[in-house]
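# Working through the structure, step by step
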Amino acid sequence: MATARHHAMPLRDCNVLIRTLARRGSFARVMAVYYDLRARGLVADSFTYPFVLKAIGVMKLSAEGRKAHAAAVKTGFRWDAYTASSLVEMYAALGRADFARKVFDEMPRRFLVLWNMMIRCYIRCGRFTAAVALAEEMERSGATPDRVTLVTAVTACSRAGDLSLGRRIHAYMDAVFGFSLPVANALLDMYMKNGWLEEAEKTFEQMAERNIISWTILVSGYALAGQLDKARALFYQCTEKDLILWTAMINGCVQHGSFEEALSLFRNMQLQRVEPDRFTVVTLLTCCANIGALDQGEWIHQYAEGRKMKIDAVLGTALIEMYSKCGHVDKALHVFGRMQGRDATAWTAIICGLATHGQASRALQLFEEMQISKVKPDGITFIGVLSACCHGGLVDEGRRHFQAMKEVYRIEPRIEHYSCFVNLLGRAGVLDEAERLINGMPVNKDTMPLFGALLTSCKAHGNVEMSERLTKRISEQDFPNPGVNVLMSNVYATASRWEEAIRVRSKMTHPTVKKTAGWSSIEVKGY
C-alpha cells in the first residue's frame, strides 16, 4: 500500500520510503519509487542516491547504474562523501573496479569512508594487489585509519600474499591502536593462509581476547597445512565449539584421508546437539564416498531431505558421487533428475559415475543432453566420456570425442585422456594407432599407465613384437617398474614362449625389485 501512495509525495517523504524499502530488501520497489520521483521532475539528493545505488548494485542493473551516476554528476551530488562511497560500492557489486576508481580519483577530498570502500571494492573484484597498493597509498597520504581500514587492508594483504604491509599494520596496531579482536583475527588469518604458522601461533598466544573465529582460523589453517595433530589438539582445547569449527575439523580430516575420524567427529557433533548445515553435509558425503560408507551416506541424504535442504548443484553433485562410488548409480541418476541448477560439475559427476559402472550408452546420451543444454564440458567430463566409450568398445565414438575435445572445446588432453583412449584402442585391437599415439611421449612415472595399458592389450591380442618394442623403450630410460616385467612375462606365456617368460620372471627375484601389494576394504554394518 505504501508504494501505491507515493505518487504525490514530496522528495523528503520519498527518501524516507526509499530508505525503508531498501532496509527491507525490497530493491525493485526502491527503483519504482526512484523512477516515479524522476518522472515527476524531482531531483534526487544525497539522501536518495545511497539507497538507490545499493538497489542498482544488488539487482545488477549496469545501464541504470551509469544513468544514476550521470544524474549525480549533473546535479553536483557526486562530490558528496556518502554518494561517492555509494557509487564505489555499486560499481564493486557490478564488478567494475575501473569505474569505481575513476569516482575515487575524481574526489577532491578523500574521506576515510571512501578509502575503505575503494579498498573493499578491489578485494571484492579479486584485484588484491591493487587493494594492497591503495592501502599503501593511503599510508603515504597520512590519512588516519580506523579499525575497518585495518581489517580491510589486512584482508587484502592476505589474499595478495603480500605480508610486508600486513606486518606494518600489526606493528601499528600494537603501538598506536591497541588490541582489536577483529584486526587480530584478520592478522591471524593472514599469517595462516600464507604459511606463517609460527607467527600465527605467536599472535594467537598474545591475543588478550579470543573468540570462536580465532580458534576456527587456527584449526582450519593447521588442517590445510597438513598438521592434523596440531589442528586436533587445538580443536579439543577449545571449550565452546560451534558448527563452523566442527565443520572445519571434519573437513580437515576428509582432506587428509582420515575418513573414519571424520565420521566419528560427526557422531560426536550430533551428541553435542550441533545441527549440521549443507556445507557439513557435503563434506560428510565426500567422506562416505571415499570409504564406500553407503549406510552413513543414505542417512545423511535422508537428514538433508528432512531439513528441507535444497538439492542444488553442490549438494546434488556430492550425493551423485557418493552413490556412484558406493555402487548405486541408479540412485545417483534419481538425484540428478531432481537437481536444481545443474552445472558442469554435476553433469560430469553423473557421466563419470555411469561410465565407471559400464553404462556407456546412458553416459553418452547424457553427454549429448549436456551439450544441448549449453553447459560447457571440461577436461574431467571428457575423461568420463572416453571411459564410457572404452567400456562400450565404441572406437569411432571415442575417436570423435577425443578430436572434439581438442578442436571444438580447445581442451589440451592430459595423461588421463590419453590413457582412456589408448585403453579403448587397445581393447578393440587397434594397436598400431595406439602405439603411434604414445610414440612421441617420454617414459616417466606419469606416462607409465599408457605403456602399461598398451602392454596389457598386446597380451590380450598376442602381439609379442609390439610388447618387446615397448619394454625396450621403458628399459632404455632406466625406469624400474616390476609391473612391466610381470606384463611382459605374461605376454610371452600367452604366446607359449616359456623360456622368455621364465627369463623375465627371474629378473624379479632380485632383492631390489619389489611388487606393490594390493589391498581392498569393505563396509560391515555401516563401518
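Residues numbered from 1 in each chain as written. Predicted model: local features only at pLDDT ≥ 70, side-chain atom pairs only at ≥ 80, totals over all residues. Heavy atoms only, no water.

### Observations regarding the overall build of the chain
Each helix and strand counted, the chain has 30 helices and 0 strands in total. A total of 527 residues make up the chain; the buried ones form 47% of that total. Within the chain, counting contacts between residues at least 6 apart in sequence, those at least 24 apart form 61% of the total. By element, 53% of the accessible surface of the chain is carried by carbon and sulfur atoms, the whole surface being about 26,600 Å². (Helix = DSSP H or I, 4+ residues; strand = E, 2+ residues; numbered from the N terminus. Buried < 20%, exposed > 50% of the residue type's maximum accessible area, 1.4 Å probe, protein only. Contact = heavy atoms within 4.5 Å. Areas by Shrake-Rupley, 256 points an atom, 1.4 Å probe, with all protein chains shown as cover.)

### A look at the UniProt feature "repeat: PPR" (unreviewed entry) in the chain
Taking the UniProt record as the reference, the feature "repeat: PPR" (unreviewed entry) is found at residues 80-110, 111-145, 180-214, 242-276, 312-342 and 343-377. In residues 80-110, the share of helix is 74% and the share of strand is 0%. The end C-alpha atoms are 10 Å apart. Secondary structure across residues 312-342 divides into 74% helix and 0% strand, with the first and last C-alpha atoms of the span separated by 7 Å. (UniProt positions renumbered as here; feature names shortened; annotations may be inferred.)

### Notes on helix 3 (residues 49-59)
Those residues of helix 3 that fall on the buried side of the exposure criterion are Tyr-49, Pro-50, Val-52, Leu-53, Ala-55, Ile-56 and Gly-57. Turning to helix 3, the residues buried within the fold contact helix 1 (11-24), helix 2 (27-39), helix 4 (62-75) and helix 5 (81-93). Just beyond helix 3, the residue with positive phi is Lys-60, at close to 55 degrees.

### Section: empty space enclosed by the protein
Going through the model one piece at a time under the given rule, you end up with 1 cavity of 30 Å³ or more. If you add up the space inside the largest cavity, you get close to 40 Å³. What lines the largest cavity is His-69, Arg-78, Trp-79, Val-103, Glu-106 and Met-107. Residue classes in the lining of the largest cavity are distributed as 3 nonpolar, 1 polar and 2 charged. (1 Å grid on protein atoms, 1.4 Å probe; cavity = no way out; pocket = protein on both sides within 12 Å on 5 of 7 lines; lining within 4 Å. Points joined across faces, edges and corners; volume = space filled by probe spheres on them. Nonpolar A, V, L, I, M, F, W, Y, C, P; charged D, E, K, R; others polar.)

### What to know about a positive patch on the surface
A surface patch of positive charge is lined by Lys-54, Lys-60, Arg-120 and Arg-124. Structurally, Arg-120 can be placed in helix 7 (residues 112-124). With a relative accessible area of 42%, Arg-120 lands in the partly exposed category. (Patch = residues over 30% accessible without salt bridge, like charges linked within 9 Å, V, L, I, M, F, W, Y side chains within 5 Å. Salt bridge = Lys/Arg side-chain N within 4 Å of Asp/Glu carboxyl O. Lys, Arg positive; Asp, Glu negative; His and termini not counted. Charge placed at Lys NZ, Arg CZ, Asp CG, Glu CD.)

### Examining unusual backbone geometry
Positive phi is not limited to glycine here, since Arg-273 has a value of about 60 degrees. Assessed through its relative accessible area of 76%, Arg-273 is described here as exposed.

### Here's the deal with the side chain of Thr-283
Here Thr-283 lies in helix 17 (residues 278-291). One polar contact links the side chain of Thr-283 to the main-chain carbonyl oxygen of Phe-279, over a distance of 3.0 Å. For Thr-283, the contacting residues outside a window of four places in its chain are Ile-250, Asn-251 and Val-254. (Polar contact = N/O pair within 3.5 Å; in protein donor to acceptor, adjacent residues only side chain to side chain.)

### Some remarks on the pattern of salt bridges
Enumeration over the complete set of coordinates arrives at 25 salt bridges. The network of salt bridges with common partners includes Arg-101, Asp-105, Arg-110 and Glu-137.

### So, the packing of aromatic side chains
Here the structure, examined in full by the defined rule, presents 15 aromatic pairs. On the basis of an interplanar angle of 45 degrees and a centroid distance of 6.2 Å, the ring pair of Tyr-34 and Tyr-35 is categorised as tilted. With a relative accessible area of 39%, Tyr-35 lands in the partly exposed category. Seen in terms of ring centroids, Phe-367 and Phe-382 are 5.5 Å apart; in terms of plane orientation they differ by 70 degrees. Their pairing is edge-to-face. Within this pair, whereas Phe-367 is found in helix 22 (residues 360-372), its partner Phe-382 is found in helix 23 (residues 379-392), the two being separated by 15 residues in sequence. (Phe/Tyr/Trp six-rings, centres within 6.5 Å; stacked < 30°, edge-to-face > 60°.)

### Remarks on the layout of surface pockets
There is about 330 Å³ of room inside the second largest pocket. Lining the second largest pocket are 20 residues, and of these Asp-189, Thr-216, Ile-217, Ser-220 and Gly-221 lie nearest its centre. Of all the elements in the fold, those that place two or more residues in the lining of the second largest pocket are helix 11 (181-193), helix 13 (212-224) and helix 15 (243-255). With 8 residues, helix 13 is the single largest residue contributor to the lining of the second largest pocket. By residue class, the composition of the lining of the second largest pocket is 10 nonpolar, 7 polar and 3 charged.

### Digging into the packing of helix 1 against helix 2
Close contact between helix 1 and helix 2 brings their axes to 8 Å; oriented N to C, the two are set at 165 degrees. The angle between helix 1 and helix 2 falls in the class roughly antiparallel. Judged by the twist between their axes, the crossing of helix 1 over helix 2 is left-handed. Residues Leu-11, Cys-14, Leu-17, Ile-18, Leu-21 and Ala-22 of helix 1 lie in contact with helix 2, whose contacting residues are Phe-27, Arg-29, Val-30, Val-33, Tyr-34 and Leu-37. Classifying every residue of the contact of helix 1 with helix 2 by side-chain character gives 11 nonpolar, no polar and 1 charged. (Axes fitted to C-alpha atoms, helices over the stretch in contact; angles between N-to-C directions. Parallel < 35°, antiparallel > 145°, perpendicular 65-115°, else oblique. Left-handed = near helix turned anticlockwise from the far one by under 90°.)

### Points about the packing of helix 10 (residues 163-177) against helix 11
The geometry of helix 10 relative to helix 11 is characterised by a closest axis approach of 11 Å and an angle of 150 degrees between their N-to-C directions. In this view, helix 10 runs roughly antiparallel relative to helix 11, as classed from their interaxial angle. Crossing of helix 10 over helix 11 shows left-handed handedness. For the pair formed by helix 10 and helix 11, the contact residues are Leu-163, Gly-166, Arg-167, His-170 and Met-173 on the first element and Val-183, Ala-184, Leu-187, Met-190 and Tyr-191 on the second. Partitioned by chemical class, the residues of the contact of helix 10 with helix 11 number 7 nonpolar, 2 polar and 1 charged.

### Comments concerning the side chain of Thr-381
With respect to the helices and strands, the residue Thr-381 is situated in helix 23. When near neighbours in sequence (up to four residues on either side) are disregarded, Thr-381 contacts Thr-348, Ile-351, Phe-367 and Met-370.

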